[in-house]
Amino acid sequence: MSSIGSIDDGTAKGNEKQDTKVTLEPVLEETEVGYHLYKEAVEEGLTWDAEEERAVRRKIDWYILPCFCISQGLAYLDKIALNNANLFGIKTDLHITTSQFAWFGSIFYIGYLVSAEPMTWMLQRYPTGRVLGAICFLWGIVVMTSAASRSFSGTMAIRFILGVLEACVTPGLGLMTPFWWKLDEQPVRHLTWYCFNGVASIVGDLLAYGLGHTTNSKVPPWALIFLVPGALTTCWGAVMYLTLPDSPVFARFLSQRQKAIAIRRVAANRTGTKNKVFKYNQLVQAFNDPKTYLLFISSIAAQIPNGVVTNFSSIIISGMGFTVFQTTLLDIPYNVVQIVSLVLSGYLAGRFKNSRALMMFIGNGICIVAAAALTYGPLDQRWGRLVAFWFTSCQAVGFALSLVMISANVGGFTKRQVTTVVTFIGYCVGNIAGPHVLLQSEAAIGYPTATKAMMAGYVIKTACHLALALYMWRSNRMRDRAAAAAGEDLPEEERARRAEEEGMRDVTEADNKWFRYVL
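The rules we used
Residues numbered from 1 in each chain as written. Predicted model: local features only at pLDDT ≥ 70, side-chain atom pairs only at ≥ 80, totals over all residues. Heavy atoms only, no water. UniProt positions renumbered as here; feature names shortened; annotations may be inferred. Helix = DSSP H or I, 4+ residues; strand = E, 2+ residues; numbered from the N terminus. Rg over C-alpha atoms; globule rule 2.2 N^0.38 Å. Buried < 20%, exposed > 50% of the residue type's maximum accessible area, 1.4 Å probe, protein only. Lys, Arg positive; Asp, Glu negative; His and termini not counted. Charge placed at Lys NZ, Arg CZ, Asp CG, Glu CD. Salt bridge = Lys/Arg side-chain N within 4 Å of Asp/Glu carboxyl O. Expected span 1.5 Å × (residues − 1). Contact = heavy atoms within 4.5 Å. Polar contact = N/O pair within 3.5 Å; in protein donor to acceptor, adjacent residues only side chain to side chain. Core = buried A, V, L, I, M, F, W, Y, C linked by side-chain atoms within 4.5 Å. Patch = residues over 30% accessible without salt bridge, like charges linked within 9 Å, V, L, I, M, F, W, Y side chains within 5 Å. Areas by Shrake-Rupley, 256 points an atom, 1.4 Å probe, with all protein chains shown as cover.

Looking at an unreviewed UniProt entry, one finds the protein chain named Major facilitator superfamily domain-containing protein and attributed to Mycena pura. Among the UniProt annotations of the protein chain, the heading Sequence similarities (unreviewed entry) holds the following wording: "Belongs to the major facilitator superfamily. Allantoate permease family." Per UniProt, the comment on the protein chain under Subcellular location (unreviewed entry) is "Membrane".

In structure tokens, the structure reads:
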């Protein structure tokens, strides 16, 4: 019997549990990605020094992180092309009203909602890089077809298909992040690739500014705003298909020893890697977990403001009295604030233990104050209102860190997958509703219905995030007491080792008694 097969829960429960574990070994090697490498590394007593670990992490950072960043950025760039096209006459050419235009934003997330679960199933069952690459290639083509549409119904169909395809990107990258990085490394890297929403927005603004000045072109400027990023995305999809590995096991840029080190590193996350089998008991457990519902409600609340900003930031800024080209450039500081707030909060959340919930609270608090200034600030103070609008971009901090909470605190790949899907269902619901709270009839008075909805969303998601942190803190306390009562109050290092072993067996955090939540 291998040394890994003989590890039990630390109590004398006889040979039955050990025999069960031995029986599970071949199954785990077939279904749990990287388990065979983990098992071999444990049996052989694989050790490494800090310099060797830094070398492995450096390779992963230089190879995987740029893939995540560019994929997220292109997905967002294609999505917000509609917002920039709004400045350059798309409504006139399509003969549509502001209300109809709002449905372009909503139908995208209806498509996203429909395909969220099928897409995550594909990411579970098939090589992740191949799935993301193929989807990326297809959605780039769909974006380019937006330039050819000249009707409301045609554009609605295109936006729906685009939502169906893009549903694999952000959830997929969130599920993949724990495959590559340790708990304390995840926040800054997760928020780094997520901050490419802001980078993409800046690129989109500059692109729109340049393309908006085109002359003597038979293609209207708004159509060019779809064609250029769509072509880039299609090319990137081909690159992803050929180069992005499914996990460290298949990383050609790592040696065999480095692959083993990479797997042992992430095993310490206690949530396992990728399991190819959908487990219905984990599905049931996800729907019995209060965390799932708190994340779902907070996601709806977070994305109602996002639905406003993503589709109508240009209208909100121009409504303050700025010209079309001023509006394009003045949208850039909004995204700069978003990038800085995401990277800084990610760094601090990884640098200081149990500070994720605190970073979420600070980001949410800034948004509440900014939305209140937008709602109740004097209309003639356009620069003050503009700065307040820029700071609402901190809304991304709370949502991005909630995805980090899932990767760090939900064990069992099926359960983590289901929790992610439910969170993104809330994401879709909020984004479907968001565009419809901006009423064109309120343009002269600063869109108070939209800004009040934003403020309410920030308050609700703050309450949910506080409740989530309190629930996990209380659960940790209860587990510590139960361990002490059972005489299993082990040293931290030993408890972490046992939690790691159970996590690599695809055990959920609820069933892993050695697991403790990261706050």
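Caption draft 1: Molecular detail of the overall build of the protein chain. Within the protein chain one finds 22 helices and zero strands. For 519 residues, the compact-globule estimate of 2.2 N^0.38 gives 24 Å, and the C-alpha radius of gyration of the protein chain, at 24 Å, lies within 12% of that figure. If one aligns the C-alpha atoms of the protein chain with their principal axes, the spans along those axes are about 75 × 45 × 40 Å. In the protein chain, which comprises 519 residues, the share counted as buried stands at 60%. Taken together, the 46 basic and 40 acidic charged side chains of the protein chain have centroids lying 5 Å from each other.

Caption draft 2: Examining the pattern of salt bridges more closely. For the structure on display, the rule yields 20 salt bridges. Of the charged contacts in the structure, one is a salt bridge between glutamate 53 and arginine 265, with a shortest N-O distance of 2.9 Å. Of this pair, glutamate 53 sits in helix α3 (residues 50-85) while arginine 265 sits in helix α12 (residues 256-267), and the two are 212 residues apart along the sequence. Note that glutamate 494 is salt-bridged to arginine 497, the shortest N-O span being 2.5 Å. Here the residue glutamate 494 and the residue arginine 497 both occupy positions in helix α22 (residues 492-504), the gap between them amounting to three residues, near one helical turn. Glutamate 494 gets classed as partly exposed once you look at its relative accessible area, which sits at 23%.

Caption draft 3: Examining helix α7 (residues 152-166) more closely. With 15 residues, α7 ought to run about 21 Å at 1.5 Å a step, and its terminal C-alpha atoms sit 21 Å apart, in line with that. Those residues of α7 that fall on the buried side of the exposure criterion are Thr155, Met156, Ile158, Arg159, Leu162, Gly163, Leu165 and Glu166. Against α3, α4 (90-94), α5 (98-125), α6 (128-145) and α8 (169-180) lie the buried residues of α7. At the N-terminal end of α7, a side-chain oxygen is found 3.1 Å from the backbone nitrogen of glycine 154, two or three residues along, and the residue is serine 151.

Caption draft 4: Fine view of the nonpolar core. Grouped together as the largest cluster of nonpolar side chains are 137 residues, with contacts concentrated most on Phe68, Trp139, Trp180, Phe226 and Phe389. By residue number, the principal contributor to this core is α3, which donates 15 residues. The contact partners of tryptophan 139, leaving out residues within four places of it in the chain, are Ser71, Leu74, Ala75, Asp78, Leu162, Leu165, Glu166, Val169 and Thr233.

Caption draft 5: Region of interest: the side chain of glutamate 500. Its location among the elements puts glutamate 500 in helix α22. Excluding residues within four positions of it along the chain, glutamate 500 makes contact with Tyr38, Arg264, Ala267, Ala268 and Arg270.

Caption draft 6: Up close: α8. For α8, with twelve residues, the first-to-last C-alpha span of 17 Å sits near the 16 Å given by 1.5 Å per residue. Burial of α8 is extensive: twelve of the twelve residues sit out of reach of the surface.

Caption draft 7: Representation of a nonpolar patch on the surface within the structure. Taken together, the side chains of Leu358, Phe361, Ile362, Ile366, Val387, Phe391 and Leu466 define a hydrophobic patch exposed on the protein surface, amounting to about 580 Å² of accessible area. The set of elements that each furnish at least two residues to the nonpolar patch consists of α17 (356-376) and α18 (382-391). Element by element, the count of residues in the nonpolar patch is highest for α17, at four residues. With respect to the element layout, leucine 466 can be found in helix α21 (residues 448-485).

Caption draft 8: Structural view of the environment of glutamate 43. In this structure, glutamate 43 sits in helix α2 (residues 35-43). Remark: the alpha-carbon pair of glutamate 43 and tyrosine 280, spanning 237 residues in sequence, is separated by 31 Å.

Caption draft 9: Spotlight on unusual backbone geometry. Its identity is not glycine, yet tyrosine 447 carries a phi of approximately 55°, on the positive side. Non-glycine residue aspartate 506 carries a positive phi angle of around 65°. Within the fold, aspartate 506 resides in the segment after α22. Since its relative accessible area comes to 3%, aspartate 506 is described here as buried.

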